[in-house]
Structures are given as C-alpha cells and as structure tokens.
Amino acid sequence: FKDPERKRKVKKIIKISIIIAILLIVISLIFYILYRVRVRRIETLNLTYQNTIEYIQDNNYIRAKEECNKAIEVANKLKYKEKIKDLNNYLKLIETTILADGALKARNYKEAQKNYTTAKDRARYADNVNEEYVDEKLEETKDYLNVYDYLNLGDKLKEMGDYEGAEKKYLESKNIASNIYFDEGKEKAIQSLEKLYEDWGKAKEETDKEKKDKAEKEITALEIVKQGDESFRNGDYEGARLYYTNAIEKYKEMEDLAQIEILNSKLSVSYTHLTLPTKRIV
C-alpha cells in the first residue's frame, strides 16, 4: 500500500525543517551580533575608563572629562551600576579640578583654593588619582594668597605708623612672589615698598621737625621759668607769678604734666608771699 499523500507530507516536512533551520540561523546570528556588540561595548568601556585615568594623570582634564562621559554612556548601556558609580566619582573630581584651574587662571585665588580643597576631598572616592597635582596647586594657590595677605598686612601696619613692620611684610610678599614667578604680585610689592619709603621719609622729616619744635619750646619755657625764679629770689612775687603762669601755658602745649605740677607749686608759693602782710619798719 502506498500513501498518496506521502510526497506532499515529505515536502511539507522539508519546508518546515528549512524554516526552522533558517530561524535558528537568524536567532544565532542575532545572539552573535548582540554578543559582539556587548563585547565591543565592554572593550570601549575599558578603553575609555583607562583613558580617563591616564588623562587625569597627565593633568589633561578636558580630555579626561570627554573620555569619562563616553565611559559613563557605555556603562549605562551595559547597566554596570558599580562602574557607573565609580565613573561618576571620577567625573565629579574632574569637573571640580577644571573649575579650580579656571579660577586660578582667572586669578580668583580664594575660589581656586576652595575648589582645590573640594577636589582633594573628592579624590578620596576616585583612588586619589590626582592627589599630587591637587596638593601642588593648593600650595601654589596658598602662595598667591600669601602675597596679597602680606601686602594687606603691610598696608594696615603703615596706616598705624609702623613703617618697619610694614617694610617686613612688603618684603615677604615680594620674596614669595619672586619664588613663584608671580610678576604682578612682585610689581605690587615693589610699588608698595617705594610708596612706603616715600611716606616713611616724609614722616621722619615731620618727626624731626616736631622734635626740633618741642626742643625750642622747652628751651623757651625753661628761660621763662628761670626769669620767674630770678624774680622770686629778688622778692618780685608778682613778676614771678606772671612768669610761672606764662611757663605753665607753654608746658600745657607740650602736655608736660610733671613740669606743670612743679610750676603750680611755685605759683602757689608766689601767691602766698603776695598775700603776706608787709612788715612795718620801726
């Protein structure tokens, strides 16, 4: 007995087998493509991750940021949560360091110091990859700030009349600026020193003149006192009183309280003699 449907059934089975084979090939191909895409992504992630670290170590933070963003994008596609966390820590460090470098370049030293300090803190979560660079920049920023701090201290001391103290601060500012090749700070320190010496010279002239004037006033006052003493010895108590009163006014101008007290005593004695009754000669 021959099945009349046999040929048709065989053809059907062959068709189904071919379709299944094609489907298996397509599915295998899809899985292979997905596998290769994933492998390439992992390779890209490893490469960009390594590039990020190397660019940070080379202090090229602009390129480090580019590579880090690429790595984060790939890590998100791969759903590598731990890697994403690590890369975000690197990105924060990179961005903060870029801000600090920008502030330093713009001579905003306080802002730079603040950002470098933040970067140093964030480096702890990124394997301290740029610790040496940040420490160097913090030291450099501190030197820049010290240049201006010493200049400001010098200005305050000069206002208080402490010219020697001001000179020391200006010289310290100049030395620090010279050591770090900070031409602007060095120039400001030199200008401050030049102005200081000019004002110091004027102040010295004024002090010398004041001393001379005071000496002349003291000589004049002493002469008046001598005349008062001479009048007192000669019994001219009224004349002595006038001389002593005049001398007291001179010493008041000089704020010499000790001499004023002595003259007040002499003045009191003169008044006493003036008010004594005159002895009658028999």
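This text goes with the structure placed above it.
Residues numbered from 1 in each chain as written. Predicted model: local features only at pLDDT ≥ 70, side-chain atom pairs only at ≥ 80, totals over all residues. Heavy atoms only, no water.

## As for the packing of helix α2 (residues 61-78) against helix α3 (residues 81-105)
Interhelical geometry of α2 versus α3 gives an angle of 160° and a closest axis separation of 9 Å. Here α2 lies roughly antiparallel to α3, going by the angle between them. When the axes of α2 and α3 are compared, the crossing they make is left-handed. Between α2 and α3, the residues in contact are Y61, I62, A64, K65, C68, N69, A71, I72, A75 and N76 and I84, L87, N88, Y90, L91, I94, E95, T97, I98 and D101, respectively. Tallied by class, the residues present in the contact of α2 with α3 amount to 13 nonpolar, four polar and three charged. (Axes fitted to C-alpha atoms, helices over the stretch in contact; angles between N-to-C directions. Helix = DSSP H or I, 4+ residues; strand = E, 2+ residues; numbered from the N terminus. Parallel < 35°, antiparallel > 145°, perpendicular 65-115°, else oblique. Left-handed = near helix turned anticlockwise from the far one by under 90°. Contact = heavy atoms within 4.5 Å. Nonpolar A, V, L, I, M, F, W, Y, C, P; charged D, E, K, R; others polar.)

## Section: the packing of aromatic side chains
In this structure the tally under the stated criterion is ten aromatic pairs. Between Y163 and W200, the ring centres sit 5.9 Å apart and the planes meet at 15°, which makes this aromatic pair stacked. One end of the pair, Y163, is in helix α6 (residues 163-179); the other, W200, is in helix α7 (residues 183-233), with 37 residues separating them in the sequence. Joined through ring pairs, the aromatic side chains of Y109, Y144, Y148 and F182 make up one cluster. Sitting over the ring of Y49, K83 keeps its end group 4.0 Å from the ring centre. (Phe/Tyr/Trp six-rings, centres within 6.5 Å; stacked < 30°, edge-to-face > 60°. Lys NZ or Arg CZ within 6 Å of the ring centre and 35° of its normal.)

## Concerning the pattern of salt bridges
In this structure the tally under the stated criterion is 19 salt bridges. Ionic pairing is found between K195 and D199, a salt bridge with its closest N-O pair at 3.0 Å. On the criterion of helical spacing, the pair formed by K195 and D199 is a turn pair, its members being four residues apart in helix α7. Of the residues examined, K195 reaches a relative accessible area of 39% and is grouped as partly exposed. Residue D199 is classed as buried on the basis of its relative accessible area, which comes to 18%. Two residues, E249 and K252, come together in a salt bridge whose shortest N-O distance is 3.9 Å. (Salt bridge = Lys/Arg side-chain N within 4 Å of Asp/Glu carboxyl O. Buried < 20%, exposed > 50% of the residue type's maximum accessible area, 1.4 Å probe, protein only.)

## A few points about unusual backbone geometry
Its identity as a non-glycine residue notwithstanding, Y181 has a phi of 55°, on the positive side. Of the residues examined, Y181 reaches a relative accessible area of 71% and is grouped as exposed. Unusually for a residue other than glycine, E255 sits at a positive phi of about 55°. With respect to the element layout, E255 can be found in the loop between α8 (237-254) and α9 (257-275).

## Here's the deal with a nonpolar patch on the surface
A cluster of nonpolar side chains, contributed by V10, I14, I18, I19, I22, L23, V26, I27, I30, F31 and L34, occupies part of the molecular surface with about 1000 Å² of accessible area. Relative to the assigned elements, I19 resides in helix α1 (residues 6-57). (Patch = residues over 30% accessible without salt bridge, like charges linked within 9 Å, V, L, I, M, F, W, Y side chains within 5 Å. Areas by Shrake-Rupley, 256 points an atom, 1.4 Å probe, with all protein chains shown as cover.)

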